[in-house]
Amino acid sequence: MEEIVHLGIPFLTPDQWDVITPAYKDFELIRSEGPRFGDMFKCKLKSTKEVVAMKILTIPEDQKSNGIPYSILNHVSILKTLNHPNILKLHTVLRTDLDVEDVFLVFEYIDVSLKKFLATPFPIDVIKLGKPFLRQALSGLAYLHVQKIIHRNLKPNNILLSFQNHEISKLKLTDFGVAKSIEPPLSPYSINMGNPCYKAPELLLGFTNYSTAVDIWSMGCIFAEMIKLQPLFIGNDGPKILTEIFCLLGTPTEENWPGVASLCSFIQAFDPPIKPKDLAAEFPKLEPDGLDLLSRMLCLCPNSRISAVEALEHPYLRP
Amino acid sequence: SKIARRILIEPEDQPVDMDADDDTNNLSADEYLDELYNFYKLTEEENRASDYMESQREINTKMRTIVVDWLVEVHRHFKLKTETLFLNINIIDRYLSLINVPKKELQLVAICSMSLACKYEEVSYPKVNDLLEISDKFYNRRQFISRERDIVEKLQWNFTVTTPYVFLVRLIRASIVQDKEMENMAFY
């Protein structure tokens, strides 16, 4: 795919292009310039010269007989409700012919994902930019959580950044493909989405009645990754990641996660239990307040984990 | 529901912490509950259908009643959640306030709305075939899929809506003595 980009061939299939262009003559696909981020295409509005990002949701062949898949309905419906400076703004959903199955989403355009930044030879200076980064990212999360939406797939690819004079000028959370709008009383939800490296322990242990705290865990992992310049927990599957988590933070106990440690055979298999490591030694660059906030975001028990609103009030983030 | 509103806004002199027994359910979104309901209050009016019957040529309130009663039965048949029913009716009303629907297509709108509400709320839900079946195969799959898409487009993909359900749940919960009969009376 990368090669095709450089050849200047559009990412859209000719069929998709034919669908959009008659109704939206204003769109010009930017072909070879600029990075392609995730599954989005960079486009320009001819009239205003505004650069936008287009994302196409395609209905899988085997689901077409059931109309619009729930995943697409859920995804777009959540996007429609979001309006916050730290969340990638959905401009519009293109109206297509009723026979067309693909759904075309048009977003504001932001340059680069955090993942790309972490891979450059000159990554983000966390000492200088860690606070504004967390402040903006947590503002976005607090906004989501207050209106009962869990992102469920936070990772460096899904945080877009742009810089101005070496300061973060914009930070946007993106990809609400597996986000979930929850309602009290909470019912069980799927635990099978998201990258295991950023998954909260309650998800990895298989608890289906989780809540917004799973996003805080992911954000804690991401923040730690910005400092370490590699993922905090590395592994391909749940058990491997859980083992890594326990190696750093210790196995859960009845004191710090009541009712769970004694019920999970996976946890009991760690005998003798692992003692938590000293975070200050693991993150020597981070100041004490930052360490305290990180440890609260990476709290094993979801109930005791700091919330986004509380985190914004934490001494580390106070201006 | 002015009284309901008053109860929500003015707690009694000595409020009972109605979520006290929720401590055992250790993953509930408790810390956000107050803010959540403030948010519901703000969004309640946003996606409410206007009074539309005047503008419908072939449909009247009596037909709507029949369709809603039928849907209650269908929802019970498929063992769906109560919030799905409320969303289902919200979708129908919002669509009918925008589009003139012929009498013979009202049921199609009902099952397409039901399909959308299920996809939004339920983990497992009836498939298109089941829905065509319960409407005596009066419509075909093609009609279903294109009407479903039209509802989505006309409602501009707004399905995250605040229905009366969330307030009813809260009020029933607040009414200390909880009994199933009152709960059912309130929902239907």
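Note that the structure is a prediction, hence the values are computed from the model and not measured.

**What to know about the packing of aromatic side chains**
Residues and elements named next belong to chain A.
Here is step 1: Counted by the stated rule, this structure contains nine aromatic pairs over all chains.
Here is step 2: Each ring, one from Phe117 and one from Phe163, has its centre 4.7 Å from the other, and the planes form 65°; the classification is edge-to-face. Residue Phe117 is found in helix α4 (residues 114-119), and its partner Phe163 is found in strand β8 (residues 159-164); the two are separated by 46 residues along the sequence.
Here is step 3: Judged by centre distance (6.3 Å) and plane angle (55°), the ring pair of Phe246 and Phe266 falls under tilted. Remark: Phe266 occurs in helix α9 (residues 265-268) and Phe246 occurs in helix α8 (residues 238-249); sequence separation between them is 20 residues.
Here is step 4: Take Phe246: its relative accessible area is 0%, and that puts it in the buried class.
Here is step 5: Members of the aromatic cluster, connected to one another through ring pairs, are Phe246, Phe266 and Phe270.
Here is step 6: Lys228 extends its terminal NZ or CZ atom over the ring of Phe283, reaching a point 5.1 Å from the ring centre.

**Notes on the pairing of strand β5 (residues 103-108) of chain A**
Residue and element names in this part refer to chain A.
Here is step 1: Here β5 lies mainly inside the structure; six of its six residues are buried.
Here is step 2: Where strand β3 (residues 51-57) lies against β5, six bridges are found, and the strand directions are antiparallel. Along β5, the bridge assignment pairs Ala53 with Phe107.
Here is step 3: Judged from the three bridges that link them, strand β4 (residues 90-93) and β5 form a sheet pairing that is antiparallel. Paired with Val93 across the two strands is Leu105, which belongs to β5.

**Things to note about the environment of B:Phe78**
All names here are of chain B.
Here is step 1: Looking at the secondary structure, you find Phe78 in the loop between α3 (61-77) and α4 (82-96).
Here is step 2: The exposure class assigned to Phe78 is partly exposed, which follows from its relative accessible area of 22%.
Here is step 3: Placed 48 residues apart in sequence, Phe78 and Pro126 show a C-alpha to C-alpha distance of 7.2 Å.
Here is step 4: Among all residues touching Phe78, those that are not within four sequence positions of it are Met114, Pro126, Asp130 and Ile134.

**Describing the nonpolar core**
Here is step 1: Counting residues in hydrophobic clusters, the biggest one holds 135 residues, and the most contacted among them are A:Phe133, A:Leu134, A:Leu138, A:Met219 and A:Ile245.
Here is step 2: It is helix α5 (residues 106-121) of chain B that contributes the most residues to this core, eleven residues altogether.
Here is step 3: Residues from two domains meet in this core; each of domain 1 (2-108) and domain 2 (112-317) of chain A gives at least three.
Here is step 4: Once you skip the residues sitting within four places of it in the chain, A:Phe133 turns out to touch A:Leu114, A:Ile159, A:Leu161, A:Ile168, A:Leu171, A:Met219, A:Ile222 and A:Met226.
Here is step 5: Counting residues in hydrophobic clusters, the runner-up holds nine residues, among them A:Phe41, A:Cys43, A:Leu45 and A:Met54.

**Some details on the domain arrangement of chain A**
Where the parts come together, the accessible area they lose is often given as the size of the interface.
Residue and element names in this part refer to chain A.
Here is step 1: Along its sequence, chain A is organised into domain 1 (2-108) and domain 2 (112-317).
Here is step 2: Of the residues lining the interface, 18 residues belong to domain 1; the matching set on domain 2 comes to 19 residues.
Here is step 3: Inspection of the domain 1/domain 2 interface yields two salt bridges.
Here is step 4: Ionic pairing is found between Asp175 and Lys55, a salt bridge with its closest N-O pair at 3.9 Å.
Here is step 5: Counting residues per element, the side of domain 1 that touches domain 2 draws most heavily on helix α3 (residues 70-81), at five residues.
Here is step 6: A breakdown of the residues in the side of domain 1 that touches domain 2 according to their chemical character gives nine nonpolar, six polar and three charged.

Calculation rules
Residues numbered from 1 in each chain as written. Chains lettered and ligands numbered in written order. Predicted model: local features only at pLDDT ≥ 70, side-chain atom pairs only at ≥ 80, totals over all residues. Heavy atoms only, no water. Phe/Tyr/Trp six-rings, centres within 6.5 Å; stacked < 30°, edge-to-face > 60°. Helix = DSSP H or I, 4+ residues; strand = E, 2+ residues; numbered from the N terminus. Buried < 20%, exposed > 50% of the residue type's maximum accessible area, 1.4 Å probe, protein only. Lys NZ or Arg CZ within 6 Å of the ring centre and 35° of its normal. Pairing = 2+ DSSP bridges. Contact = heavy atoms within 4.5 Å. Core = buried A, V, L, I, M, F, W, Y, C linked by side-chain atoms within 4.5 Å. Domains from an automatic or database assignment. Salt bridge = Lys/Arg side-chain N within 4 Å of Asp/Glu carboxyl O. Nonpolar A, V, L, I, M, F, W, Y, C, P; charged D, E, K, R; others polar.

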